[in-house]
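Analysis of the macromolecular model
If you want the building blocks of each chain, they are given just below.
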Amino acid sequence: MMRYLKGLSFLSTVALIAACGGGGSSSPAPAPNNNPAPPPTTEPPEPTPPITGISCDRDSWVAGTVELCDGALIYRDYIYDDYGADGGLVGISPTNGIDLLNLLTRAGGIGSPIATTPGLLSPTAGDQRYPAGLENTADLAKLTLQLDGDQIHVSFELNTLYGSDDALAVLAIDTDNDPATGGGDWDGLGIRSDGWDKLYRFEQGDPVSNTLSGSIPAPGSPSWRIQAVVAQANGTVMNVAFRGPHELARAGALPEQILPDGGNFWEDIQARVLANGDISEFGHTVERADLENRAQVAPADVKGFQQRVYTSEYTLPPGEGVSLRGVPGRHGDTNIPCEQYFHYLGRYQPYGFYVPEGDGPFGLQMILHGCEANHASQINQRHFQMAFADSQNRILAAPLGRGPRGFFSDISERDVRDVQADVERHYPIDSAKRIISGYSMGGYGAMRLAALYPQDYAAGVNWVGFTGSLLNLPLTHELINDGQIPVAGSLLDSLINNIPVVGDLVNLEDQLSLALSPIHEIQEVSSIGAVDNVYDYVSNLQHIPFAHVYSGADEIVHVTTALGLEEQLLKGEMPYQFYLHPVAEHLTYILIDKWSKEARYITDRTQQENPSRVTFRYEPENAYPEYDIDHNRAYWLSGLAGRSQEAVKVDLTTQACGAEQYAVEKKVLEGGTEVLPWVGSHRTLTLTGEEPVNASLTGTLENLHQGTIDVLATCLEQGFEYDIISDGPATLMLSDGRSIDLSQGQNQGYLAQ
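A brief report on the enclosed structure follows.

Cut-offs used in this document
Sequence order as written defines residue numbering, which begins from 1 separately in each chain. This being a predicted model, a pLDDT of at least 70 is required before a residue's local features are given, and a value of 80 or more before pairs of side-chain atoms are given or counted; all residues contribute to the totals for chains, interfaces and linings. To obtain the side-chain values, all non-hydrogen atoms of the structure were included, while hydrogens and water were left out. For helices the rule is a DSSP run of H or I covering at least 4 residues; for strands it is a run of E covering at least 2, with both sets numbered from the N terminus onward. A 1.4 Å probe rolled over the protein chains alone gives each residue an accessible area, and that area as a share of the maximum for its type sets the label: buried under 20%, exposed over 50%, partly exposed in between. We define a nonpolar core as any set of buried Ala, Val, Leu, Ile, Met, Phe, Trp, Tyr and Cys residues linked to one another through side-chain atoms lying within 4.5 Å. Contacts are assigned to residue pairs with any non-hydrogen atoms lying within 4.5 Å of each other. Two strands qualify as a pair provided DSSP detects at least 2 bridges between them.

1. Regarding the environment of alanine 289
- With respect to the helices and strands, the residue alanine 289 is situated in helix α2 (residues 288-292).
- Sequence-wise, alanine 289 and proline 222 are 67 residues apart; in three dimensions their C-alpha atoms are separated by 7.0 Å.

This is how it looks when you write it as structure tokens:
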């Protein structure tokens, strides 16, 4: 696969790195026997147990786990963890000369020619690189061993394999399971381990199935230990099997983000061990009786921080691999910072995962990472885990989203939806307690997806989220002088009226002067990676309480964005909490790893299943049928279709089931010092009672051609009155087969049962 690398300077700091180590020497390893002769026998063989027909295929797994399935031993590995040995802080490569290490072996998405990873904030612990076009071709996905008489059938499935000789897989067997006997160097691979006495190389693969396979003699002993690695064709080991489910991905903040052997791809221990050259600690003990008797042992139940992998129905050309430069999104190859690109192309997609101690049912919090970060961001931080998972009995799931710049739309959005579904298939999740959250680009994603799938979420958290346009600003002084006024009580209004608590903490006058700075001119040609403007969807969040956390000194998402969003929230009716921290910048919250205010705000939230009022807007042109994405339903409305590709807006209310009464509390200027000094505002809705039942349907429609109302969810099974204003002809269908045909203007009537 071609790579489109352009030499762009992306960091001013220079570091030196070492490349891979040298190889050892030993006698050549025996090649696998792909056509074994029947083993000699001196007495009748034991009867072969009947084939049970059990399927050993899994479309989802916890990385680093082993299972026995119908006697087959199956190890399932981490995905996109193939970066080999850590090169240390400074080093010299015999092939590349001076190498640049952990700080600089990243940012392939902006053209770094020495990158191992596309993201600027998602480093790898290992520092070994592939030849251009062969990225990810030594990434183990699954290793299977199956006994057949006196032979073992071995299959290494790789995540990516373009050519039959792209990779080398090697299996070592300690036939007496005694580390004190045997062992030594693995010929030509630069590693060693204790105990082994048989070494088998698998050098020819099948690019159709992505497997390297063959048959080897089965040890006669009752117990033996196996080890395995996958290397580039030149012998550079990139991936080690049997590392267990608790690999590390600890580059959450400083100093791990820049120090050696710290990364965000669940290969920290692997990188350290390969750098030392001794992989003895990675292996698995095999009991021959388990294979002979077709034992069935499920993978271990894993708690804590881990990686899960699911199998996607969707890939990007060529269907596998990693594109460091990235496949352009719907805006094209613009080269604008944080533009939408997709980097991880194959069907196996990993996600960060955290399971608290204790039993389900669990809540579920989706965590969407920022631009240049990845699926380990935030979820790998201990205080984050404690605040959002351990103390709230909530599972955390962080999709990769196809890379550091997917913007959680299109195939990246598909990834979020599939990760959520995968978790709910395999864990007891209370669907009324789903939370969505995100940082920066992920904050945009969290707001957008909550607005487009409002029936899915109970609450949300947005940290320094981009809102979809650099022109999303509060009212400027020019507009104010023209007679427009800021929203009463907003932070901008406080500034204009010289309220000291705001003016003393942050110089909003200077920040507002950034509104027309050169960076905003980018908006003339691109909305960065965003496909929607969150401002347009704020009303969709009517039933989803959101905590919004912003920074006064943010160098990336300027405070003007925060002030503009707060104005939109104040104009709406949705519950929210808005925090502006005048002394914080863009990465402050990740760096300090303290989340108490936001965690408390979303504690014990439950989603509204069938609210009496549904306010919903969506853009038909942003559907993506190739990925089965269409934002055409909300709560008890479904099958929404517009008369054109312009926005569809629906605001309908029914009290046929009754309706909840709420007392509204709005505080338009408040502040505090918890964690960091902050100012802000909030709107809180407190349940006070129930409205009486009223079999009616009222509201307004814009650009709606047709839509369907669920009569069971709305209690509209009987006859009811309607009063609906539409801007054109429309049909409201009911799930029981009835329908209301509407014309432009006000439509009043009675629909019989």
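Picking up where we left off.
2. Points about unusual backbone geometry
- Residues proline 317 and proline 318 are joined by a peptide bond in cis, for which omega reads 10 degrees.
- Turning to its location among the elements, proline 318 is positioned in the loop between β17 (304-311) and β18 (322-328).
- Here the bond from glycine 360 into proline 361 is cis, since omega is 5 degrees, no more than 30 degrees from zero.
- The residue proline 361 is located in the loop between β20 (348-355) and β21 (362-368) in this model.
- Backbone geometry places glutamine 378, a non-glycine residue, at a positive phi of 70 degrees.
- Here glutamine 378 shows up in the loop between β21 and α3 (382-388).
- For valine 464, which is not glycine, the phi dihedral falls at a positive 45 degrees.
- Tracing the sequence through the fold places valine 464 in the loop between β24 (459-463) and α6 (477-481).
- Classification of valine 464 as buried rests on a relative accessible area of 0%.

3. With respect to the nonpolar core
- Core analysis: the largest hydrophobic core is formed by 92 residues, its most contacted members being Val423 and Leu732.
- The contact partners of valine 423, leaving out residues within four places of it in the chain, are Tyr351, Phe353, Leu364, Ile395, Ala397 and Ile429.
- Of all hydrophobic cores here, the second largest spans 35 residues; its members include Ala376, Ala584, Ile602 and Leu676.

4. Observations regarding the sheet that holds strand β13 (residues 211-217)
- Taken in spatial order, the 6 strands of this open sheet run β2-β3-β6-β7-β13-β12, and their pairing is antiparallel. In this open sheet, the two edge strands, each paired with only one partner strand, are β2 (65-69) and β12 (205-206).
- Here 7 bridges tie strand β7 (residues 151-158) to β13, and the two strands are oriented antiparallel to one another. Bridge assignment links glutamate 157 to a residue of β13, and that residue is threonine 211.

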